[in-house]
There are 2 protein chains.
Amino acid sequence: MRKTSTRDIANLAGVSQATVSYVLNGRQDQSISDQTRRRVLDAATRLRYRPNRLASGFFGGRSSMIGVVFPCVDSSFFGRLLFGIQEVCLEYDSVSILSFTQTDPQQEQRAVDQMLEHRVDGLLMVSGVYTGMWFDDVRTESIPCVLLDDRTHAATYDVVASDDVAGAKNAVEYLIGLGHRRIGMLGYNSPLTPVRDRRIGYEAALREAGLEVEPGIYLECEWDETPEGYGTLLFDLIDRYAPTAFFAATDYHAHDFIKAVHQRGLRVPEDFSVIGYSDTELGTGLNLSTVRQDAVAMGSTAATRLFERIASQDRERCEILMPTELVVRGSCCSPQAKGVLAGVGGKQ
Amino acid sequence: MRKTSTRDIANLAGVSQATVSYVLNGRQDQSISDQTRRRVLDAATRLRYRPNRLASGFFGGRSSMIGVVFPCVDSSFFGRLLFGIQEVCLEYDSVSILSFTQTDPQQEQRAVDQMLEHRVDGLLMVSGVYTGMWFDDVRTESIPCVLLDDRTHAATYDVVASDDVAGAKNAVEYLIGLGHRRIGMLGYNSPLTPVRDRRIGYEAALREAGLEVEPGIYLECEWDETPEGYGTLLFDLIDRYAPTAFFAATDYHAHDFIKAVHQRGLRVPEDFSVIGYSDTELGTGLNLSTVRQDAVAMGSTAATRLFERIASQDRERCEILMPTELVVRGSCCSPQAKGVLAGVGGKQ
DNA sequence: TTGAAAGCGTTACCAT
DNA sequence: ATGGTAACGCTTTCAA
């Protein structure tokens, strides 16, 4: 039982397929009599016609699909990004194909391959590892591509990222404003710019406040390291440098830190002030002060940019930096104030 | 500049398009000489051939795409669901189209329309509102469809959901085991089965323990209500029934509850034990005991089921209930134990 | 073992 | 104002 096609409509309405196409697509340059139009529209509803995008994409070279490649969706940050992208897709009457890579180059390649085979109109790469062949593929196929949340290749591609230098700087300045002078940072080993930028912002804030940037006060762990794993390092650092506050590269690292602190019987914020990053649900639960990235706006900005580039390839490359906002919750206080605060987290 | 097609390969290899198709699809029923095969494969790589799925889907009636309709991705629960779905898509060499509805029937209809136009091979509907026409559309188009996380239409469709009756029962039994006798529940107004089932499980646990199910001890708010909004109701309930523990229908409601409790200067778990539901990141941050649903497994089970049904329409309808697991963290204690615990959450 | 040709649903160009 | 027709890339049937 075949689906109804424009030919069926044409037959029922007693017109040609071309006329049906004109009516259905509302083309202006072709004039159709009202009577014909009504007959066609009528036949279409009677036959429950549903256009076949596969066919029109196949013919016209526009699939009305974009490919979205994510590392994962663990974090509510990625969820919100996705949501922003979706909203714009709807506007542009398009649909998005989603893939996850788990930051594995091979999976990333696979994802892009799939999308290219499905002839997506454009590609949105989120926090990619960018080590695969796909990078060349995208160029040789000259498919519109916007990179999201990483500025590494801003020279070559459109990029939408958040202004992490400013976000981190602002967060650390807040800690300084509270009276902290010895502020550590918890980062992780990553080839991507967001983490690097956060460190840059962190150091800039220290320098501008006339504070020394002691190299050992920055603790970098591996991405998958557990708090048990680097707890020792952490307390070595604390013993050696006596920081009173920590800026964490993500809410997850802030969480790990808080866990380690609790394990030693110490408290946040009384003993250490902490700021996280990305305003995830985890941070909400922790009552953690954090740097909010307007992920929905980032997603929609990137998607909009992508659709613009799809519409006209030959426009200038852009690098859009989205502003951040400090969300003040209960994980920070002055280094002097002790024992009067509600506290954060709980025993695990 | 056209993309390379099988015709180009055929020309370069000096064979026909049909032969190219045979080689590329590795068909067994056609025998191809090794020499020809090599020539074709060679030409394909030289021309950087990439199959056009739009074309093959268009022709063969199989798009290698499934449609996934979500209400939102606010929660890490949905993120994990998505991940499970993705994994299976990869296995079946398919791709998923994603849409969000914000539980708005019109957006839901729109999403399904889009997917049907894109000729997805099947549909995965997650926590849908199911009020739209699409319900009929799916039937008349007889497109494979699996419903995820809601059992309302288990009589008509394949359903994969979590065993929320058991999950809730287990959680409440845990509270009873701790010595609680007066246990309230926080739910919200929803037409979907998960919330209703959690209430059923809650009441079953009370009954089986010989405890009375006082109707007023169940507090139902609207989905978008703020803790400020129902705080009064909550404390009315507390005054009237003096519960010592609460079972919340979601981690979000548990969070709201905790906030309200803190606003009154009371504490969790010292004054009230609380259990949430779904094991979200929010709950992790809150150090909240909660009922974990293996969302990744749910997603992959549902997707597997969908692909099976795509492969053969005529198999029996199924209703798969996934087990849950109680995650014990720091939000519960015996009703007697006071003042000795680490506490949960913090001042907002 | 291979090739020719038809057909899928759509759109766009060029006639009428 | 409308219709005929070619073209898109692929698969498959049938014939050689």
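These numbers were taken from a predicted model, which means no experiment stands behind them. Per chain, the residues get numbers from 1 upward, laid out in the order the sequence is written. Ligands are numbered from 1 and chains lettered from A, in the order in which they are written. Local features in this predicted model are restricted to residues of pLDDT 70 or higher, and side-chain atom pairs are both shown and tallied only at a pLDDT of 80 or more, whereas totals for entire chains, interfaces and linings draw on every residue. Water and hydrogen atoms were dropped before computing side-chain values, which therefore reflect all heavy atoms in the structure.

### Side note on the overall build of chain A
Elements are defined by DSSP. Helices are runs of H or I of four residues or more, strands are runs of E of two residues or more, and each kind is numbered from the N terminus. Of the regular secondary structure elements, chain A holds 13 helices and twelve strands. We compute the radius of gyration over the C-alpha atoms and compare it with the globule rule, which gives 2.2 Å times the number of residues raised to the power 0.38. Taking 348 residues into account, the globule formula puts the C-alpha radius of gyration at 20 Å, and chain A, at 26 Å, lies well above it. Each principal axis of the C-alpha distribution contributes one length, and for chain A these read about 85 × 40 × 35 Å. Split into buried and exposed, the 348 residues of chain A put 57% on the buried side. Only heavy atoms matter for contacts: two residues are in contact if any of them lie within 4.5 Å across the pair. By sequence separation, contacts in chain A at least 24 residues apart represent 70% of the contacts at least 6 residues apart. Computed by Shrake-Rupley with a 1.4 Å probe, the accessible areas treat only the displayed protein chains as cover when residues are assessed. As displayed, chain A offers around 14600 Å² of accessible surface, 48% of which is attributable to carbon and sulfur atoms. If the 36 positive side-chain charges of chain A are averaged to one point and the 46 negative ones to another, these points end up 7 Å apart. Accessibility here uses a 1.4 Å probe with only protein chains present; expressed as a share of the type maximum, an area under 20% marks a residue as buried, one over 50% as exposed, and anything in between as partly exposed. Note that His is not counted, nor are the chain ends; the positive residues are Lys and Arg, and the negative ones are Asp and Glu. A charged residue contributes its charge at one atom only: NZ of Lys, CZ of Arg, CG of Asp or CD of Glu.

### A short note on the domain arrangement of chain A
Residue ranges assigned to each domain were obtained from an automatic or database domain assignment. Per the domain assignment, the segments making up chain A are domain 1 (6-51), domain 2 (63-163 + 295-323) and domain 3 (164-293 + 328-338). For domain 1 of chain A versus domain 2 of chain A, the distance between C-alpha centres works out to 36 Å.

### Thoughts on the protein's contact with DNA strand D
We call a residue near a molecule or strand as soon as one heavy atom of that residue lies within 4 Å of the molecule or strand. Among the 29 residues in the neighbourhood of DNA strand D, the closest are listed as A:Ser31, A:Ser33, A:Thr36, B:Thr6 and B:Tyr49. Counting only atoms of DNA strand D within 4 Å of the protein, the sugar-phosphate share comes to 60%. Nitrogen and oxygen atoms within 3.5 Å of one another constitute a polar contact, given that in protein one can donate a hydrogen and the other can accept it, and given that sequence-neighbouring residues count only through two side-chain atoms. One nitrogen or oxygen atom from the main chain of A:Ser16 is found 3.0 Å from a phosphate oxygen belonging to DNA strand D. Note that a phosphate oxygen of DNA strand D is positioned 3.4 Å from one of the side-chain N or O atoms of B:Ser21. Those elements giving two or more residues to the surface near DNA strand D turn out to be α2 (17-25) and α4 (53-60) of chain A together with α2 (17-25) and α4 (53-60) of chain B.

### Concerning the relation of the copies chain A and chain B
Superposition of the two copies of the chain requires a rotation about an axis and a shift along the axis. In this comparison the copies share one frame, found by least squares on the C-alpha atoms of residues holding pLDDT of at least 70 in both. In screw terms, the move from chain A to chain B is a rotation of 180° and a rise of 0.0 Å along the axis, fitting with an RMSD of 0.1 Å. Here the transformation between the copies is reduced to the relation of a two-fold axis. Both copies share a contact surface, since 100% of the interface residues of chain A are interface residues in chain B too.

### With respect to the sheet that holds strand β11 (residues 319-322) of chain B
Taken in spatial order, the twelve strands make up an open sheet running β11(A)-β5(A)-β4(A)-β3(A)-β1(A)-β2(A)-β2(B)-β1(B)-β3(B)-β4(B)-β5(B)-β11(B), and their pairing is mixed. Every other strand in the sheet has two partners, leaving β11 (319-322) of chain A together with β11 of chain B as the edge strands with one partner each. For this sheet the average axis-to-axis angle between neighbouring strands, irrespective of direction, equals 20°. Where strand β3 (residues 122-126) of chain A meets strand β4 (residues 145-148) of chain A, four bridges bridge the pair, whose relative direction is parallel. Its bridge partner lying in β4(A), A:Met125 is registered against A:Leu147. Only when DSSP finds a minimum of two bridges between them are two strands counted as paired. Throughout, an axis means a line fitted to C-alpha atoms (over the contacting stretch in the case of helices), and angles, computed between N-to-C directions, take values from 0 to 180 degrees.

### Some thoughts on unusual backbone geometry
Residue and element names in this part refer to chain A. Residue Pro269 is bonded to the preceding Val268 through a cis peptide linkage, with omega at 10°. As for its placement among the helices and strands, Pro269 is situated in the loop between α11 (251-263) and β9 (273-277). In this model, Arg48 sits at a positive phi of 55°, which is unusual for a non-glycine residue. Within the secondary structure, Arg48 sits in the loop between α3 (34-46) and α4. According to the relative accessible area criterion, Arg48 is exposed, its value standing at 55%. Even without glycine at this site, Asp149 takes up a positive phi of about 75°. Tracing the backbone through its elements, the reader meets Asp149 in the loop between β4 and β5 (158-162). Taking relative accessible area as the criterion, Asp149 reaches 7% and is therefore assigned buried.

### Section: the interface of chain A and chain B
Between chain A and chain B, the residue contacts involve 59 residues of the former and 59 residues of the latter. Summed over both partners, the interface of chain A with chain B comes to about 5600 Å²; 54% of that surface belongs to carbon and sulfur atoms. Sorting the residues of chain A by area buried against chain B places A:Arg50, A:Leu54 and A:Arg119 first, and these three jointly supply 14% of that buried surface. Any carboxyl oxygen of Asp or Glu within 4 Å of a side-chain nitrogen of Lys or Arg constitutes a salt bridge here. At the boundary of chain A with chain B, the tally comes to twelve salt bridges. Reported buried area values correspond to the accessible surface (1.4 Å probe) lost by two parts on association, with both partners' losses combined.

### Quick word on the packing of aromatic side chains
We call Phe, Tyr and Trp rings a pair once their centres come within 6.5 Å, taking the six-membered ring for Trp, and we label the pair stacked below 30 degrees between planes, edge-to-face above 60, and tilted otherwise. Evaluation of the coordinates by the stated rule reveals 25 aromatic pairs over all chains. Among the aromatic residues, those joined into a ring-pair cluster are A:Tyr130, A:Trp134, A:Phe135 and A:Tyr157. In this scheme, the term charge over a ring applies when either NZ of a lysine or CZ of an arginine sits within 6 Å of the ring centre and within 35 degrees of the ring normal. Positioned above the aromatic ring of A:Tyr157 is the side chain of A:Arg139, whose terminal nitrogen or guanidinium carbon lies 5.9 Å from the ring centre. If you follow B:Arg199 out to its NZ or CZ, it ends over the ring of B:Tyr218, 3.7 Å from the centre.

### Here we look at the pairing of strand β10 (residues 289-293) of chain B
Residues and elements named next belong to chain B. Of all the five residues making up β10, four are buried; the element is thus mostly covered by neighbouring parts of the structure. With three bridges joining them, strand β9 (residues 273-277) and β10 adopt parallel strand pairing. Counted as the bridge partner of Ile275 is Ser289 from β10. Read from β9 through helix α12 (residues 281-286) to β10, the crossover connection turns out right-handed. Inspection of the sheet shows β10 paired to strand β12 (residues 324-327) by four bridges, in the antiparallel sense. By the bridge assignment for β12, Thr290 is matched with Val327. By definition, the crossover connecting two strands over a helix is right-handed if that path, from the first strand to the second, turns clockwise as seen with the strands pointing away from the viewer.

### Overview of α2(B)
All names here are of chain B. Listing the buried residues of α2 in full gives Thr19, Val20 and Val23. Along the axis of α2, the buried positions cluster into a sector of 100°, meaning they face one direction only. Against α1 (6-13) and α3 (34-46) lie the buried residues of α2. Of all possible arcs, the one meant is that of the directions from the helix axis to the C-beta atoms.

### Points about the environment of A:Val291
Residue and element names in this part refer to chain A. Considering the arrangement of structural elements, one finds Val291 in strand β10 (residues 289-293). You can call Val291 buried: its relative accessible area is 2%. Residues Val291 and Leu54, 237 residues apart in the sequence, show an inter-C-alpha distance of 43 Å. When residues no more than four places from it in sequence are discounted, the contact partners of Val291 are Gly167, Ala171, Ile275, Gly276, Tyr277, Ser278, Asp279, Thr324, Glu325 and Leu326.

### Some points on the environment of A:Val159
Inspection of the secondary structure assignment puts A:Val159 in strand β5. Among residues more than four places away in sequence, those in contact with A:Val159 are A:Leu147, A:Asp150, A:Arg151, A:His153, A:Ala154, A:Cys318, A:Glu319 and A:Ile320.

### Section: the protein's contact with DNA strand C
Taken together, 29 residues lie near DNA strand C, and A:Gln17, A:Tyr22, A:Tyr49, B:Ser31 and B:Thr36 sit nearest. Near-protein atoms of DNA strand C (within 4 Å) split between backbone and bases, with sugar and phosphate holding 60%. Take A:Thr6: an N or O atom from its main chain is 2.6 Å from a phosphate oxygen of DNA strand C. At a separation of 2.8 Å, a phosphate oxygen of DNA strand C approaches a polar backbone atom of B:Ser16. The set of elements that each furnish at least two residues to the surface near DNA strand C consists of α2 and α4 of chain A together with α2 and α4 of chain B. Top contributing element to the surface near DNA strand C by residue count: α2(A), with five residues. Asp, Glu, Lys and Arg are counted as charged, while Ala, Val, Leu, Ile, Met, Phe, Trp, Tyr, Cys and Pro are counted as nonpolar; the rest, among them Gly, fall into the polar class. Residue classes in the surface near DNA strand C are distributed as 13 nonpolar, 14 polar and two charged.

### A word on the packing of α2(A) against α3(A)
Residues and elements named next belong to chain A. Relative to each other, α2 and α3 sit at 90°, their axes nearing to 10 Å. In terms of axis orientation, α2 runs roughly perpendicular to α3. Two secondary-structure elements touch here, α2 through Thr19, Val20, Val23 and Leu24 and α3 through Thr36, Arg37, Val40 and Leu41. Residue classes in the contact of α2 with α3 are distributed as five nonpolar, two polar and one charged. What sets the label is the angle itself: under 35 degrees gives roughly parallel, over 145 gives roughly antiparallel, 65 to 115 gives roughly perpendicular, and the rest give oblique.

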